[in-house]
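Architecture at a glance
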Amino acid sequence: MRALIVRGPGQLAWEQAPSPKLSSARSALVRPIASASCDLDRRLIAGLTPFKPPFALGHECVAEVLEVGGEVASVRRGDLVSVPWKIACGECAQCRAGRGTACTSVPRLAAYGVPAGGNWGGLFSELVEVPFADAMLVPLPPGLDPLAVASASDNLTDAWVATSRPLATRENARVLVVGGTESLGVLAVQMANAAGAASVDYLDDNDYRRELAVRSGANVELEPVLDERYDLVVSATRDPQALHRGLLALAPGGHCSCIGILFEDPKIPLFGMYLRDVTLSVGVCNVRPHIPKVFDLVASGRCDPLLVSPTVVPWQEAPEALIQPLAKCIVVRERITAG
Ligand SMILES: [Zn+2]
Ligand SMILES: [Zn+2]
């Protein structure tokens, strides 16, 4: 089978790789049919992360199920499923406590598309093993467009959790999304609206993303001084100064969800945050429990991930497409099971 391999900075190519096999009665083999670029992927390709090549790329996809082990009960051949980015068993103490991101049945950070916690392959590949099929896979409801939810594996669900969790305890919330990553900021605008925000402002100096944010329901004509104005700030940026500005924009009792990945330690205005009694959350998103809700939001039209204007390309064109500065890229291949 073919896997999309990062060989070195800027070097991305399809290579032959051993086909994965069912390793246990709980596992499934799936074939990705709509794989999305995560906002992290271009940096992984460019060599701007701690993850060193070579490795198979991709950790967001909708796949068709090809084969399942004897104990798998929730999916069967031909089903379309969302494949979460994180490998997790669903049964250990961490998984049962809702922390699949810290699953102890697999090495720490075991995930698709990054060389961490073992070699699990990437979700752009032709064939992928899902070791805990019942715990991980989420079947798509009939009629849901695989392209619209290709990113439910990570970015789309991350945006939902980052907005809906703090908004659940804040009525009439004023929200600021600090953009800067390819898709997360715009998706967060949509999800903040879906979660009932009173208003959503979007801060970004990129005109293309500002336009997408406006179409997603944000206001981009902001006051010059944003300090202490917002109940929720979603920091979807890698710029430490933009994060800093977002933290200063928190009103008393506010919350900042930091979902842009910063590899360096940023400057945090901690004393000012202390005086305003605000909270900051940062962490990899345990997407699996939230994917069904995200499917509902997309199916009911309360969010439209295709508004981030993904470029859709056949798998052969993935190496060229994924290095372009696009908001989102979706790589597709034909189904081989009846659909
Ligand atoms: Zn990701
Ligand atoms: Zn576990």
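Refer to the structure printed above.
Residues numbered from 1 in each chain as written. Chains lettered and ligands numbered in written order. Predicted model: local features only at pLDDT ≥ 70, side-chain atom pairs only at ≥ 80, totals over all residues. Heavy atoms only, no water.

**Here we look at the coordination of the zinc ion (ligand 2)**
Spelled out, the test is: Each metal's donors are the N, O and S atoms found within 2.8 Å of it, except that Na, K and Ca use a 3.2 Å limit; water is left out, so coordination can look incomplete. A site with four donors is called tetrahedral when every donor-metal-donor angle falls between 85 and 135 degrees; four donors are called square planar, and six octahedral, when opposite donors sit more than 155 degrees apart and all other angles fall between 65 and 115; any other arrangement is irregular. Note on exposure labels: buried denotes an accessible area under 20% of the residue type's maximum, exposed denotes more than 50%, and partly exposed covers the range between, all computed with a 1.4 Å probe on protein chains only.
Around the zinc ion (ligand 2), the donor atoms from the protein are Cys89 (SG), Cys92 (SG), Cys95 (SG) and Cys103 (SG), and they sit 2.3 to 2.4 Å away. Relative to the metal, the four donor atoms surrounding the zinc ion (ligand 2) lie at angles of 103 to 116°, and the coordination shape comes out tetrahedral. Written as a sequence motif, the donor arrangement for the zinc ion (ligand 2) is C-x2-C-x2-C-x7-C. On the basis of relative accessibility, which here comes to 10%, the residue cysteine 92 falls in the buried class. On the accessibility criterion, cysteine 95 (13% relative accessible area) is buried.

**A short note on unusual backbone geometry**
Put simply, the test is: Where helices and strands are cited, they refer to DSSP runs of H or I of at least four residues and of E of at least two residues respectively, numbered from the N terminus.
Of the consecutive residues proline 53 and proline 54, the connecting peptide bond is found in the cis state with omega at 5°. The topology assignment puts proline 54 in the loop between helix H1 (41-46) and strand S4 (55-56). In this structure, leucine 109 takes a positive phi of about 70° despite not being glycine. Relative to the assigned elements, leucine 109 resides in the loop between helix H2 (93-96) and strand S7 (128-130). The backbone of glutamate 228 sits at a positive phi, close to 60°, despite the residue not being glycine.

**Topic: the coordination of the zinc ion (ligand 1)**
In the first shell of the zinc ion (ligand 1), the protein supplies Cys38 (SG), His59 (NE2) and Asp154 (OD), at 1.9 to 2.1 Å from the metal. Counting the intervening residues between successive donors of the zinc ion (ligand 1) yields the motif C-x20-H-x94-D. With a gap of 21 residues between them, cysteine 38 in the loop between strand S3 (28-36) and H1 and histidine 59 in the loop between S4 and strand S5 (61-68) connect regions that are remote in the sequence. As far as the burial class goes, cysteine 38 and histidine 59 line up, both buried.

**Topic: the nonpolar core**
How we decide: Nonpolar cores were defined as sets of buried Ala, Val, Leu, Ile, Met, Phe, Trp, Tyr and Cys residues, with membership established by side-chain atoms within 4.5 Å. Segment limits for the domains were obtained from an automatic or database-derived domain assignment. Any two residues having at least one pair of non-hydrogen atoms within 4.5 Å are treated as being in contact.
By size, the foremost hydrophobic cluster in this structure holds 69 residues, and its most contacted members are Leu57 and Leu322. Per element, the largest residue contribution to this core is eight residues, and it comes from helix H5 (residues 184-194). Taken together, domain 1 (2-154 + 286-332) and domain 2 (156-282) each give at least three residues to this core, which thus spans both. Excluding residues within four positions of it along the chain, leucine 57 makes contact with Leu4, Val6, Leu12, Asp41, Leu44, Ile45, Gly113, Gly122, Leu123, Phe124 and Leu322. Within the second largest apolar cluster, 25 residues are counted, among which are Cys95, Ala110, Val130 and Ala133.

**A few points about the environment of cysteine 256**
Locating cysteine 256 in the fold gives a position in strand S12 (residues 250-258). The spatial distance from the C-alpha of cysteine 256 to the C-alpha of valine 282 is 8.6 Å, given a sequence separation of 26 residues. Excluding anything up to four places from it in sequence, cysteine 256 contacts Val233, Ser235, Leu243, Leu247, Leu250, Thr279, Leu280 and Ser281.

**Here we look at the sheet that holds S12**
Hydrogen bonds between backbone atoms are what pair the strands of a sheet, whose relative direction is either parallel or antiparallel. The criterion, for reference: Being paired, for any two strands, means DSSP has found at least two bridges between them. Fitted lines through C-alpha atoms give the axes, limited to the stretch in contact for helices. The angle between two N-to-C directions lies from 0 to 180 degrees.
Sheet architecture is open: five strands sit in the order S10-S9-S11-S12-S13, paired in parallel fashion. Every other strand in the sheet has two partners, leaving strand S10 (199-203) and strand S13 (279-282) as the edge strands with one partner each. Strand-to-strand twist across the sheet, computed as the mean angle between neighbouring axes with direction ignored, equals 15°. In this sheet, S12 lies alongside strand S11 (residues 230-235) in parallel orientation, the contact comprising five bridges. Residue pairing in the sheet places valine 234 in a bridge with serine 257 of S12. Across the sheet, helix H7 (residues 240-248) lies against strand S9 (174-178), S10, S11, S12 and S13, angled at about 150° from S12, the strand it touches most.

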